[in-house]
Amino acid sequence: WLGLDDLKFKGKATAKAKAEPKAKASKSKGDGGANALAMMKSYKGCVLAEYVWLDLKQTPRSKTMTMTTRPTKVEDLRIWNYDGSSTEQADGHNSEVLLYPRAIFNDPFRGAP
């Protein structure tokens, strides 16, 4: 239920990217992250956040993150990364691509959590 419309490439600086502060993949205030998931006795209340983007050939790609709480705004979501060389979006030697959440949508296929 998450939509993305913007990718940032780490190491591929543009004038705009240089002006922005360096982003780090971090957990949101409400989400406890992987350690919190490992300690939970029940996953009731956890939700799946699906990060969706288009690769170089306009093929849809996605990654799914399990979150301990349902995000209510985009700022509750983490900046996430993936290896852009596998989608032809970055060189192999400098291939970390950051996913910046831009919108939240209810999942039309899985239904509401």
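Residues numbered from 1 in each chain as written. Predicted model: local features only at pLDDT ≥ 70, side-chain atom pairs only at ≥ 80, totals over all residues. Heavy atoms only, no water.

**Details of the overall build of the chain**
Helix and strand counts for the chain stand at two helices and seven strands. In the chain, the succession of α and β elements from N to C terminus is β-β-α-α-β-β-β-β-β. Counting the 113 residues in the chain, one finds 33% classified as buried. Put simply, 60% of the contacts in the chain that link residues at least 6 apart link residues at least 24 apart. (Helix = DSSP H or I, 4+ residues; strand = E, 2+ residues; numbered from the N terminus. Buried < 20%, exposed > 50% of the residue type's maximum accessible area, 1.4 Å probe, protein only. Contact = heavy atoms within 4.5 Å.)

**Describing the pairing of strand S4 (residues 60–67)**
Of the pairings in the sheet, the one linking strand S3 (residues 47–54) to S4 comprises eight bridges and is antiparallel in character. In the sheet register, Leu54 faces S4, and the bridge partner there is Pro60. In sequence, S3 turns back onto S4 through a hairpin of five residues, with Gln58 there showing a positive phi of about 65 degrees. (Pairing = 2+ DSSP bridges.)

**Overview of the pairing of strand S5 (residues 80–83)**
What you see with S5 is a clean split: Trp80 and Tyr82 sit on the buried side and Asn81 and Asp83 on the side with no burial. The pairing of S5 with strand S6 (residues 96–99) spans four bridges and is classified as antiparallel. Each residue of the ladder has a partner; that of Trp80, found in S6, is Leu99.

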